[in-house]
Each structure stands twice: as C-alpha cells, then as structure tokens.
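Architecture at a glance
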Amino acid sequence: MTDNTSTRPAVASITQAEIEDGKMMAILAYIFFLVPLLAARDKKFAMYHTEQAIALWIAFIAIYIVMTILTIIVNQISSTLGCVVSILGILPWLAYVVLWIMGLMNAIGGKIKELPVIGAWGAKLNLVK
C-alpha cells in the first residue's frame, strides 16, 4: 500500500509494480545517490527517493557550512561562546541522521512520502528529471 501524499502528477501515478521494481534503487539512493541517478533513470519510485536523498544531502551540506562559519566568527568574539556554538553543531548531524532514517524507512516500506522540512525542496528544485 502506498502513501501518496505528494500532489505531483508523476509521483501520484506510481503503481505498486513500479514501487516493487524500483525499491532496491530507492534504498540505494539514501546510501549513495549516484548509483540510482545513473543506473535507474527510468524507475519513478527510485528517482523520487533519489530526489529526496539529494535534497537532504544539499540541505545538510549548506547547514554544515553555515554552522562552521558561525563557529569561526563567534569564536573570534568569545572562545566560550564559540565552544557552545561548536557543541550545538551536533544538532544538524542529529537532524540529518533522523531524516536519513525516515527516508530509508520510507523507501524500504514502499512509501511515497516527502521528508519533513526539506522534502518539498527536491520537487521545487527539480533535482531529478
């Protein structure tokens, strides 16, 4: 049973057979998204999860860069505050792991469900054509 929470026509038209056919590549998308991106372009379910995985990766990298710059700037002002900001830098890692697990579980379960917060970005950026 699928959970079609997306309003995109291409996603809404994914059949159960397409889900079963693309499930392994969808799972691989969260491990190394280049594999399904290069090898499973014709599998809608795999491309949906590849798009979600790429959006997650881009968001994490952007947040990591911002946190690193913020830590450097705040550390110049106060080493104590810099240490606090550095410790808070663990939060993006935790958020990434939680979202990664959610995406992986959706792929394993054959669900078509956007990741919270960043899932809609994949569709807006049209990362996978």
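Okay, so let's go over this structure. (Residues numbered from 1 in each chain as written. Predicted model: local features only at pLDDT ≥ 70, side-chain atom pairs only at ≥ 80, totals over all residues. Heavy atoms only, no water.)

Here's the deal with the nonpolar core
Counting 24 residues, the largest nonpolar core has Tyr-30, Phe-45, Ile-112 and Ile-118 as its most contacted members. When residues in this core are grouped by element, the largest group, 8 residues, is from helix 4 (residues 44-77). (Core = buried A, V, L, I, M, F, W, Y, C linked by side-chain atoms within 4.5 Å. Buried < 20%, exposed > 50% of the residue type's maximum accessible area, 1.4 Å probe, protein only. Helix = DSSP H or I, 4+ residues; strand = E, 2+ residues; numbered from the N terminus.)

A word on helix 6 (residues 90-108)
A turn of α-helix holds 3.6 residues, and therefore any two residues three or four places apart point the same way. Compared with the 27 Å implied by 1.5 Å per residue over 19 residues, the 27 Å span of helix 6 between its first and last C-alpha is a close match. Taken together, the buried positions of helix 6 are occupied by Pro-92, Leu-99, Gly-103, Leu-104, Asn-106 and Ala-107. Here the buried residues of helix 6 occupy an arc of 155° about the axis, which is enough to place them on one side. The elements touched by buried residues of helix 6 are helix 2 (16-31), helix 4 and helix 5 (79-88). Looking one or two residues past helix 6, Gly-110 carries a phi angle of roughly 70°, positive in sign. (Expected span 1.5 Å × (residues − 1). Arc of directions from axis to C-beta. Contact = heavy atoms within 4.5 Å.)

Points about the packing of aromatic side chains
As enumerated under the stated definition, the model contains 5 aromatic pairs in all. Where Phe-60 meets Trp-93, the ring centres are 4.8 Å apart and the plane angle is 65°; that geometry is what we call edge-to-face. Separated by 33 residues along the polypeptide, Phe-60 in helix 4 and Trp-93 in helix 6 bring together distant segments of the chain. By relative accessible area, Phe-60 is classed as buried at 11%. According to the relative accessible area criterion, Trp-93 is partly exposed, its value standing at 44%. Here the aromatic cluster, defined as three or more aromatic residues joined through ring pairs, consists of Phe-60, Tyr-64, Trp-93 and Tyr-96. (Phe/Tyr/Trp six-rings, centres within 6.5 Å; stacked < 30°, edge-to-face > 60°.)

So, to be careful, I would describe these as geometric facts and stop short of saying anything about function.
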